[in-house]
Amino acid sequence: MPKLTIDGVEIEAAQGQSVLDAALAHGIHIPHLCYHPRLKVSGNCRMCLVEIEKAPKLQISCGTEARDGMVVQTKSEKVLKARQSVLEFMLINHPLDCPTCDQCGECKLQDYCSEHGQEESRYGEEKHGFDVLDVGPDISRNMNRCIHCTRCIRFLRDVAGSEEFTLYERGSHTTVGPYLEKALESPFSGNLAEVCPVGALTCKHFRFKGRSWLMEKSRTLCPGCARGCNAYAWTSKQEVLRLTPAENDFVNQSWLCNAGRASIAQIEAKNRILEPTRATAMEELAGVLRALIEKDEGEKVGVLASPRLTNEDLYLIRKLAREVIGTTHLAFVPGMSDDRPFGPLDTPLTEWFIRADPTPNSHGARDILHSTEHTENAFDLIEAAEKGEISSLLVFSEDPVTSFGDVDRATKALGQLDFLAVIDSHFSPTAELARLVVPEASFAEKDGTFTNEQGRIQRLRAAIPARGHSQSAWQTVTEVAKHLGTVWTFNSAAEVDREIASKIPGYQDLDFDTLPLEGLALVQADEADQAEAEESTPDQDKKE
Amino acid sequence: MAEKILTARFETPDSHLLNTYQADGGYTALKKALTMKPEEVIELVKASGLRGRGGAGFPAGLKWSFVPKEAEKPKYLCVNADEGEPGTFKDRYLMELDPHAVIEGSAIACYAFGAHIAYIYVRGEFKVPMERMEQALAEAREAGLVGKNILDSGFDFDMWVHPGAGAYVCGEETALIESNEGHRGMPRLKPPFPAVVGLFGGPTVVNNVETLAFVPHIMNQGAEWFAKLGPERNGGTKMYGVSGHVKKPGIYELPMGTSLKEIIYDVCGGIRGDHELKAVIPGGSSTPVLTPDEIDVAMDFDSLAKIGTMLGSGAIIVMDETTCMVRAITRLAKFYSHESCGQCTPCREGLAWIHQVLVRIEGGQGREGDIDLLLDICDNVQGNTICPLGDACAMPVRGFIKKFRPEFEEHIQKAGCPIGPFPAPWAGSAKG
Ligand SMILES: Cc1cc2nc3c(=O)[nH]c(=O)nc-3n(C[C@H](O)[C@H](O)[C@H](O)COP(=O)(O)O)c2cc1C
Ligand code: SF4
Ligand code: SF4
Ligand code: SF4
Ligand code: FES
């Protein structure tokens, strides 16, 4: 491992690491703009210039490999002058319209100017005025603010897998953008808002909605597919204004897809269910169930649960079905399987990122519901309704009328039931048929866990209070159980998890409160055996 | 006049045709090289001291020896025929009048460092040179001099013309490679150097046309002969391209180290009319300007470096006293700021700024402090960019100010150009 000295401090770099990476890893900040840890090095901004002993000129630290014996100065007079001049050059054509810029507060240029900039501009010539160009539905481009770092080009070309941006013209006329107006179509274009270090590319949906320092952010998950991308939900006045990526090397690196970002629209959607059909809905629901249970006909109740629900929701739904109602007709709609590798890979995002399964918790649903003695799929459940094997159905966040594939047949089958209750966050054709509808919290309003396609348990966090009278399914189910005379003591998702850990194979290490940021890989059955075996014969070598 | 090597056939009718070339001993050098070991060819070129004629004067044999012997990807030779530096107009004549020498030199170079494909990247505007190269390649291919198993030696060598994409920066070796690959012509970061990772990721040598055209002569007449044509470490002859206010501008092949004074006054017949010499740019527009008292200098790499300028491409631009120095450098700054590829901050922004300030000074709107501002911008550009194009602007700007500062000051004090009004086409900002 190369040892080098940076500003008098000796540090050890990883083999092949750049001087910049090595410095950052050791808490030495070298200003940088075009460098992005997940993009190829372009070395064009010249912000990260440092002085290296024996080199005739200043060198870019992002593009210089750390070598043994290197002596690096990041704050010498020469370096500071170069850095200040790079900033000065960048500001020549920059409007400095921070007060009206959406990047304000999250802008690297702004930060560096306040740290390293000059008080007064020496530039007494005319600034550029670029025309506004509509680049596409999600991203707004302001060329006047561009610092030509080409991060956007590199992201689209090397990461997203769509060569949609390029440089035009030369010299100070150089602009950055798509080949045609409105042509930016990448399903990952939303990332450009974060990839761009300044306010040249910003999110259209977030325009003028909020200031970063006036918002709160909570780390949560995107509910959009089985990847389970880590995200920050940014809120202000109890409203979620945007989702931005949270880093997770095992899951989504630094990215989100556009559809995932757009999932916040669900929260305030017009068809959101906020109130139950009637104030007495829960009692009525319990009443129907009680009558059947008393007649010893619990088996005539069908329960359909969605992989959109959290593990905690699903676990208590299962508990209600098995232990309180006493039915084996417990079903879920299995997610679509995806034979592409899960990644993260170095290949374009288009090849692996967005999963075929559009639900966030199929794995969890399989783990929790399949571990009961009998679980059906939704198809069996419709058939059971047709055959009269079930007379009542509780539907949790599903829409079998649509998802079954044959609307008429499903509608007819559900029409034969004596009782249909839907517990959901949004109205659906199935909900239209239901006798009772109970509101469910949206993903942004609930705590819990999802298990992604790869078997990684990750934490969903409530970013805002639940709208209306909605709540998490596990709370609804706990209430129903209580009406039926079974009192559970679950007051939080964390408490439900304690029971999951003891009951569901693979979930034994789950602890809601200490769940690591990067999530927790499920304990595989054979791994569990192995762990036991290893414990009995400790392997000294492995502990090093 | 001294011995002519590269331009010896220039006056021969049909000099560009294969049979003319072969009648004059053409392709015997290639034949000879193919009987030698590749390392021996490299050693010979090293011993000749042949230095690159593209501008930097890097020893050609040494450059070839940097190419790794074993490589996973194919190796390439890129012949740099972009010839974009203002004042430079030598390579075009080599291609027009002696294209087979370029092909033969390229074939020998490829054999020496183990490439089988050469691309000649010809400046897009060079229609005739391109046609001549194409024609010569077709002839050579027909004659078994280019293609599979050339001259029955078992060595494959192919060569293709790549039309340039119209930017000066594409003459910079890594930008040339990018452009040759079909990308926007923008310089790459170094390292990795082209000799290790170049065209299509393979080890690549980039050589100037003139450099390669010397190679057959070195094969035929030996390293020592070549070295002795010029001063120590500056062997051979040089094609000097003289333009500007001399009586007989043109291309002159002279021994390396011929005095600049001799070139201007003897070879080119002196300054036009009864005008006086005011300034000379010795090696293409990026090389710092010289004043009349400095022209007693040997025109070779080392002697010019000693007096703070460069031989560059050997393009001598002569200016008499009718030339406004501020206007001249403004025009050059316009060129460089326009040709900046725009990727790195100091060059993209700094060059345009330099040009804007110069336009103001020449236009009579100079301000107190402008000259120091210019020098400081140059300081901030120079050495801080990806490729030398930024330096190529900063160096002459500094040079003009250093040598002619009073003229800049006069512009500012008198709020105008003492020589005359600024002709319209040169005015306007770099952004216009
Ligand atoms: C901006 C710029 C433009 C250049 N243009 C040319 C050119 O037109 N022709 C050329 O041979 N070399 C040009 N060069 C030099 C090349 O980068 C390279 O050094 C040269 O082709 C190497 O050939 P040589 O070793 O035979 O001289 C240019 C360099 C720079 C920085
Ligand atoms: S738009 Fe943003 S990311 Fe793209 S080059 Fe400009 S500053 Fe960089
Ligand atoms: S890939 Fe899936 S989880 Fe990730 S942002 Fe898109 S929809 Fe959300
Ligand atoms: S110095 Fe100028 S031409 Fe060279 S890479 Fe930078 S911007 Fe491009
Ligand atoms: S961060 Fe190194 S050059 Fe931009």
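Residues numbered from 1 in each chain as written. Chains lettered and ligands numbered in written order. Predicted model: local features only at pLDDT ≥ 70, side-chain atom pairs only at ≥ 80, totals over all residues. Heavy atoms only, no water.

1. Quick look at the overall build of chain B
A tally of regular secondary structure across chain B gives 16 helices and eight strands. Taking 22 Å as the expected radius of gyration for a compact globule of 432 residues, we find that chain B reaches 22 Å, a close match to that expectation. Projected onto the principal axes, the alpha-carbon positions of chain B cover approximately 75 × 45 × 35 Å. The 432 residues of chain B split such that 62% are buried. Contacts in chain B between residues at least 24 apart in sequence constitute 71% of all its contacts with a sequence separation of at least 6. As displayed, chain B offers around 16,000 Å² of accessible surface, 53% of which is attributable to carbon and sulfur atoms. Here chain B carries 43 positive and 55 negative side-chain charges, and the mean point of each set is 2 Å from the other. (Helix = DSSP H or I, 4+ residues; strand = E, 2+ residues; numbered from the N terminus. Rg over C-alpha atoms; globule rule 2.2 N^0.38 Å. Buried < 20%, exposed > 50% of the residue type's maximum accessible area, 1.4 Å probe, protein only. Contact = heavy atoms within 4.5 Å. Areas by Shrake-Rupley, 256 points an atom, 1.4 Å probe, with all protein chains shown as cover. Lys, Arg positive; Asp, Glu negative; His and termini not counted. Charge placed at Lys NZ, Arg CZ, Asp CG, Glu CD.)

2. Digging into the overall build of chain A
Looking only at helices and strands, one finds 16 helices and 21 strands in chain A. By principal-axis analysis of the C-alpha atoms, chain A measures approximately 90 × 65 × 35 Å. By the burial criterion, 56% of the 544 residues in chain A qualify as buried. Within chain A, contacts between residues separated by at least 24 positions form 68% of all contacts whose residues are at least 6 apart in sequence. Here chain A has roughly 23,800 Å² of accessible surface; of this, 50% comes from carbon and sulfur atoms.

3. Let's talk about the site of ligand 3
In the vicinity of ligand 3, the contacting residues are Cys222, Gly224, Cys225, Gly228, Cys229, Leu256, Cys257, Gly260, Phe353 and Ile354 of chain A. Class assignment of the residues belonging to the shell around ligand 3 gives a composition of seven nonpolar, three polar and no charged. (Near = heavy atom within 4 Å. Nonpolar A, V, L, I, M, F, W, Y, C, P; charged D, E, K, R; others polar.)

4. What to know about the site of ligand 4
Every one of the 13 residues lining ligand 4 counts as a neighbour, but Cys341, Cys344, Cys347, Thr385 and Cys387 of chain B are closest to it. For the shell around ligand 4, the per-class residue count stands at eight nonpolar, five polar and no charged.

5. Brief notes about the sheet that holds strand β1 (residues 76–81) of chain B
Residues and elements named next belong to chain B. The strand order across the open sheet formed by four strands is β3-β2-β1-β4, and the pairing between neighbours is parallel. A single partner strand is all that each edge strand has here, and the edge strands are β3 (158–163) and β4 (204–208). Taken over all neighbouring pairs, the strand axes of this sheet differ in orientation by 20° on average, direction set aside. Each of β2 (117–122) and β3 is contacted by helix α7 (residues 127–142), which is oriented at about 165° to β3, the strand it contacts most. (Pairing = 2+ DSSP bridges. Axes fitted to C-alpha atoms, helices over the stretch in contact; angles between N-to-C directions.)

6. Considerations on unusual backbone geometry
For the peptide bond that leads from Lys190 of chain B to Pro191 of chain B, omega is -5°, which places it in the cis range. As for its placement among the helices and strands, Pro191 of chain B is situated in the loop between α8 (173–180) and β4. Cis peptide bonds are those with omega within 30 degrees of zero, and the linkage from Pro191 of chain B to Pro192 of chain B qualifies with 0°. Position of Pro192 of chain B relative to the elements: it lies in the loop between α8 and β4. Despite not being glycine, Lys182 of chain A shows a phi value in the positive range, around 60°. Tracing the backbone through its elements, the reader meets Lys182 of chain A in the loop between β8 (175–178) and α5 (192–195).

7. Re the sheet that holds strand β4 (residues 59–60) of chain A
Residue and element names in this part refer to chain A. Across the sheet, which stays open at both edges, the five strands sit in the order β2-β1-β5-β3-β4 with mixed pairing between neighbours. Since the sheet does not close on itself, it has two edges, and those belong to β2 (9–12) and β4, each with one partner. In the sheet, strand β3 (residues 49–52) pairs with β4 via two bridges, with the strands oriented antiparallel. If you follow Leu49 over to β4, its bridge partner there is Ile60. Each of β3 and β5 (71–73) is contacted by helix α2 (residues 77–92), which is oriented at about 160° to β3, the strand it contacts most.

8. A look at the interface of chain A and chain B
In this assembly, 35 residues from chain A lie in contact with 37 residues from chain B. Carbon and sulfur atoms make up 50% of the surface buried where chain A meets chain B, a total of about 3,000 Å² over both sides. Inspection of the region where chain A meets chain B yields five salt bridges. Here Arg170 of chain A ties to Glu339 of chain B by a salt bridge, and the two come within 3.2 Å at their closest N and O atoms. The tally of links between chain A and chain B comes to 19 residue pairs in polar contact (both at pLDDT 80 or more). Mapped onto the side of chain A that touches chain B, the elements with two or more residues apiece are α2 and β7 (165–168) of chain A. The dominant element in the side of chain A that touches chain B, judged by the number of residues it contributes, is α2 of chain A, at eight residues. (Buried area = accessible area lost by both parts, 1.4 Å probe. Salt bridge = Lys/Arg side-chain N within 4 Å of Asp/Glu carboxyl O. Polar contact = N/O pair within 3.5 Å; in protein donor to acceptor, adjacent residues only side chain to side chain.)

9. Focus: α8 of chain B
Residue and element names in this part refer to chain B. Of all eight residues in α8, seven are buried, a share of seventy percent or more. The set of residues buried in α8 consists of Thr174, Ala175, Leu176, Ile177, Glu178, Ser179 and Asn180. In this structure, the buried side of α8 is in contact with β1, β2, β3 and β4. One or two residues past the end of α8 sits Gly182, with phi positive at roughly 100°.

10. Section: the confidence of the model for chain B
All names here are of chain B. Of all residues in chain B, 97% have pLDDT values of 70 or greater, and the mean over the chain is 95. Low pLDDT (under 50) marks residues 424–432, which in the prediction has 22 contacts with non-local residues, meaning those over four places away or in another chain. Reported confidence for the predicted complex is 0.93 by ipTM and 0.93 by pTM. (pLDDT = per-residue confidence, 0-100.)

11. Structural notes on the pattern of salt bridges
Considering all chains together, one arrives at 61 salt bridges over all chains under this definition. A salt bridge links Asp249 of chain A to Arg38 of chain A; its shortest N-O distance comes to 2.7 Å. You can see Asp249 of chain A sitting in the loop between β12 (239–245) and α6 (258–262) and its partner Arg38 of chain A sitting in the loop between α1 (19–25) and β3, a full 211 residues away along the chain. Since its relative accessible area comes to 52%, Asp249 of chain A is described here as exposed. The network of salt bridges with shared partners includes Lys81, Glu88 and Arg122 of chain A together with Asp376, Asp379 and Arg398 of chain B.

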